[in-house]
Amino acid sequence: MALLSQAQLEDLAEDKAKQLKDFIECQPPLKNGEDLLQLWEKLYDEEMKAIVVKTVSGPSDDQTNLVFPYEKLQAVIGDGGNWKWPRMWQRFDEIERRGTAFREGERLNFGMPNKNPNITPQRVLVVGGGPIGLRLAIELRMGGHLVTVFEKRREIRDDSGNLQQLGFTNRINRPHMWPFVRNDLLKLNGKDFMSREACYPVFTEPETSSIGIDELQSLLLKNVLMLGVDFRLGVGYENAKIRTDPRTMRPTWEVDCTYDEHAAEYFNMQKGRNKQVFDCLIGCDGPRSNVRDTQSKYFGNIEKRKFMDCVGIVANVRKVGRKRLKELGFEYGQEPGDMNRTKMVFKDFFNTIAKEADAEIESLIYYKASHHNYVILVPKRADLVKHGLSGKVYHFAKGRDKAAEEHEEKAKLKAYCSRVLKAARIPIDEKAENGGFVDAPNDCMAFDFAECWNTKKSIVFNMPPPDYDVEQHGPWMGRNVVPLVGLCGDALLEPFWPMGLGLKRGWQAIMDTCYAVDNLYNRTLFCERASKDPDTFTWEEHFELLKEQVASNFEMCSRLKVAEELGKGEYAEKGPVITQLKRINKDAEKPMLLVEIDPWTRYAPLEKERGDEWKLKMNDERYLHPKVQKALAMKEYYDEVSKGGKNGEIEYEGKKLISVNGKVVGGFGKAGTTTRRDSLGQSGGAGATTTPSAVPKPPAGAKFGVNPFAGVVSKEALEAKGVSTAAPSPSGGLANIASGVASACAARPSPQAPSVSSTAAPALSCSQEAELAYVRRMIESLSQSLEQYRRAETELVGGKA
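In this report, the structure presented in the accompanying data block is examined. (Residues numbered from 1 in each chain as written. Predicted model: local features only at pLDDT ≥ 70, side-chain atom pairs only at ≥ 80, totals over all residues. Heavy atoms only, no water.)

1. Points about the overall build of the chain
Helix and strand counts for the chain stand at 29 helices and 23 strands. Here the chain holds 801 residues, and the buried ones make up 52% of them. A total of about 37000 Å² of accessible surface is found on the chain, and carbon and sulfur atoms cover 51% of it. (Helix = DSSP H or I, 4+ residues; strand = E, 2+ residues; numbered from the N terminus. Buried < 20%, exposed > 50% of the residue type's maximum accessible area, 1.4 Å probe, protein only. Areas by Shrake-Rupley, 256 points an atom, 1.4 Å probe, with all protein chains shown as cover.)

2. Things to note about the pattern of salt bridges
Evaluation of the coordinates by the stated rule reveals 54 salt bridges. One salt bridge in this structure joins aspartate 439 and arginine 318, with 2.7 Å as the shortest N-O distance. Here the residue aspartate 439 occupies a position in the loop between helix H18 (404-423) and strand S18 (444-448), and arginine 318 occupies one in strand S14 (residues 311-318), the gap between them amounting to 121 residues. Note on arginine 318: relative accessible area 23%, which makes it partly exposed. The structure contains a network of salt bridges with shared partners spanning Arg98, Arg135, Glu139, Asp184, Lys187 and Asp518. (Salt bridge = Lys/Arg side-chain N within 4 Å of Asp/Glu carboxyl O.)

3. Here we look at the packing of aromatic side chains
Summed over all chains, the structure comprises 18 aromatic pairs. Pairing tyrosine 70 with tryptophan 89 gives two aromatic rings, centres 6.4 Å apart and planes at 15°, and the pair type is stacked. Taken together, the positions of tyrosine 70 in helix H4 (residues 69-77) and tryptophan 89 in helix H5 (residues 84-94) put the pair 19 residues apart, joining distant regions of the chain. For the residue pair tyrosine 70 and tryptophan 89, the accessibility class agrees, reading buried in each case. Aromatic side chains phenylalanine 110 and tyrosine 637 sit 5.7 Å apart centroid to centroid with 80° between the ring planes, which places their arrangement in the edge-to-face category. Here the residue phenylalanine 110 occupies a position in the loop between H5 and strand S4 (123-127), and tyrosine 637 occupies one in helix H26 (residues 626-641), the gap between them amounting to 527 residues. Neither residue differs from the other here; phenylalanine 110 and tyrosine 637 are each classed as buried. Taken together, Phe68, Tyr70, Trp89, Phe92 and Phe193 form an aromatic cluster joined through their ring pairs. Seen from the ring of phenylalanine 346, arginine 341 lies directly overhead, with NZ or CZ sitting 5.0 Å from the centre. Over the face of the ring belonging to phenylalanine 349 we find arginine 341, whose NZ or CZ atom lies 4.6 Å from the ring centre. (Phe/Tyr/Trp six-rings, centres within 6.5 Å; stacked < 30°, edge-to-face > 60°. Lys NZ or Arg CZ within 6 Å of the ring centre and 35° of its normal.)

4. Comments concerning the environment of arginine 610
Relative to the assigned elements, arginine 610 resides in helix H25 (residues 604-618). Classification of arginine 610 by relative accessible area gives buried; the value is 14%. Sequence separation of arginine 610 and tryptophan 600 is 10 residues, and the distance between their C-alpha atoms is 6.5 Å. Those residues within four positions of arginine 610 in sequence are excluded, and the remaining contacts are Arg529, Asp598, Trp600 and Thr601. Of note is the side chain of arginine 610, whose polar atom sits 3.1 Å from the side chain of aspartate 598. (Contact = heavy atoms within 4.5 Å. Polar contact = N/O pair within 3.5 Å; in protein donor to acceptor, adjacent residues only side chain to side chain.)

5. Comments concerning the sheet that holds strand S1 (residues 3-4)
The sheet built from 5 strands is open, its strands ordered S1-S23-S22-S2-S3 with mixed pairing. Sheet topology places S1 and strand S3 (58-59) at the edges, where each strand pairs with a single neighbour. Here strand S2 (residues 52-55) runs beside strand S22 (residues 657-660); their pairing, made up of 2 bridges, is antiparallel. The residue of S22 that forms the bridge with valine 53 is leucine 657. (Pairing = 2+ DSSP bridges.)

6. A look at the sheet that holds strand S11 (residues 272-278)
Strand order across the open sheet formed by 3 strands is S9-S10-S11, with antiparallel pairing between neighbours. On the outer flanks of this sheet lie strand S9 (235-244) and S11, each paired with one strand and no other. With strand direction ignored, the average angle separating the axes of adjacent strands in the sheet is 25°. Two strands pair when backbone bridges link them, and S9 and strand S10 (residues 251-259) are joined in this way by 9 bridges, in the antiparallel orientation. Bridge pairing in S10 places threonine 244 opposite proline 251. (Axes fitted to C-alpha atoms, helices over the stretch in contact; angles between N-to-C directions.)

Structural data, given as structure tokens:
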């Protein structure tokens with residue numbers, strides 16, 4: 001087996017550290033999504049994809065023992081000479097895994113159990129690379145699903161640099177940032193993946209916090225790529241048809257899609273029309289959703305709601321320098337603070353606008369951003385007509401229209417906005433380029449805010465039992481089978497813009513969708529709540545109860561029945577978590593409240609049920625709340641790895657490097673990179689050894705929280721009942737769900753696998769260990785094939801074939 005010298009490894013680490021730095025620093029407005037993807041293709045090339053690292057369950061393998069791309073990168077790069085990067089790697093580690101993505105015995109679990117070990121990995125297609133689609137893809141990936149994102153919009157410019165076609169990260173509008181969304185973005189390395197200027201309005205302005213759509217997409221796309229989501233730019237969803245396995249009756253989606261030239265070349269597909277198969281189809285493609293249109297019969301009648309005659313104007317204005325601000329009359333050369341005002345409350349403010357600008361404005365929102373300022377005006381349509389405007393609605397496509405009459409109309413709209421902004425004391429420099437507005441098409445647009453779309457259902461499915469076989473059970477007599485199809489974000493519920501509910505509802509819909517996909521084949525999920533015996537609980541009962549819960553979740557999402565603590569983004573001081581934590585450690589820091597998939601942690605009616613259960617459990621002094629248990633374990637961990645610096649530097653231990661593109665690191669017993677070094681090749685670097693510490697334990701005598709999935713049927717029990725849990729194959733049905741991922745749980749080599757000899761074997765080197773794991777997998781694969789041939793032989797001899 002070829003070897004990789006330490007010098008070669010150091011050179012590779014240095015090159016990849018530079019590329020990683022460029023990747024992290026790539027962000028709007030100077031760079032777009034296409035730029036970010038190009039940097040990723042260079043950073044995570046074929047050589048990096050072929051990296052093998054050491055895990056608690058043996059060497060990594062892309063088929064049977066998956067690790068995330070960031071873990072491969074970290075094994076080579078380490079800290080890269082940057083004090084922030086160990087913290088970045090650590091935050092990735094702390095993103096909660098479940099299902100087959102959860103690896104028992106890893107320190108990053110902080111001693112916590114797998115929240116949902118009964119997930120059957122699915123091949124999921126997410127249509128749309130907006131914020132909701134990207135965040136959904138991340139969460140599904142952390143459950144072990146194989147996730148593909150189709151995003152059609154590729155930016156195109158002419159030879160002079162003029163925008164000809166908008167890309168998927170060209171929007172710069174700024175939705176309101178809710179506390180639990182802000183916490184979620186912190187978890188996803190928000191402060192490290194965004195510039196200091198971009199971070200300010202997101203993480204330091206709690207009352208009027210906002211984030212640019214382009215900034216949010218850039219942050220989420222970095223996470224999507226680092227966590228192994230298959231993101232396909234230049235691929236458009238056209239339609240999808242149901243294909244059913246004639247023997248198992250298991251349905252899948254045959255998706256009709258189009259690849260542009262670059263996408264076809266990169267993903268080895270033909271340019272133009274292609275067909276691909278998925279188990280689940282989720283539309284995150286906005287208010288004019290193509291998924292919703294092509295699958296409308298499953299979602300019921302689509303409602304088009306009209307609240308009032310209300311046109312909203314979105315304006316993005318250029319930043320004004322301090323000197324110019326003073327000239328414009330702004331004291332000390334400072335911009336005003338953010339605003340969110342309505343006429344009903346701020347009568348004097350809007351009366352001033354009416355007097356000075358002769359404009360009837362119903363509400364005004366003003367958010368400061370890092371490179372521009374964002375304004376939403378809500379005038380009455382009649383007021384626009386009074387000022388010589390047609391009252392038409394303008395959007396990105398119209399903004400690019402070069403027709404003279406549209407340019408004249410656009411100029412009138414900008415003039416109207418300028419008068420209102422000056423009267424509202426919002427800085428705009430009309431002497432600047434484009435009259436003080438940013439470049440088209442994001443300069444000034446009008447939307448019909450009163451027109452919103454609404455669907456009757458969020459998620460639909462009708463599945464046969466996973467062990468159904470026509471040859472054994474006869475013809476299928478149930479309803480037409482439908483693989484899971486759902487909508488998320490604006491495709492599901494288009495929000496009323498001035499209320500800023502897009503992200504609030506969108507994040508709940510993300511978690512609701514994951515809940516449905518995760519538990520599609522978790523048969524005993526509802527046994528305890530339904531007071532049913534797990535041994536007799538049928539698949540039909542499970543599917544019906546899951547449909548009922550999905551419908552209930554959608555109702556609570558649409559009505560925003562968010563739990564009080566989640567809405568505030570922090571645990572209540574007198575709640576069970578903080579009360580018990582302070583009792584154990586009065587100086588303990590309040591843990592960050594994170595949004596979770598479990599609807600009983602997110603929706604007020606369900607949280608009350610769970611809260612009452614906690615109260616009963618907390619009467620037992622030995623009981624330790626799971627959140628408290630994890631908080632204590634994390635504190636113990638950080639106390640151990642902290643370097644004590646003012647910036648919170650830590651000594652991070654990642655997975656050890658075994659090989660790069662088939663070349664084993666020389667002397668693996670002393671290889672394995674960590675970030676305990678100041679520069680490449682120094683102490684604790686590529687040649688250092690690391691010994692993982694024991695998983696932090698809770699206080700003696702404490703009882704762990706009850707696992708809500710403790711009643712699930714094990715893999716062995718399913719097999720005993722004739723339900724196949726074999727690794728998937730490329731042919732289709734449950735047996736091929738999430739090819740490669742489902743086998744990760746069943747086929748992982750055990751760290752305590754018996755030796756082939758009764759004589760004690762000597763310690764293996766890294767290369768020997770990797771080779772042994774490969775040989776064992778080959779033995780297992782050949783054994784399975786041999787057994788299949790034996791069964792075929794028996795059937796032939798018995799006259800069954």
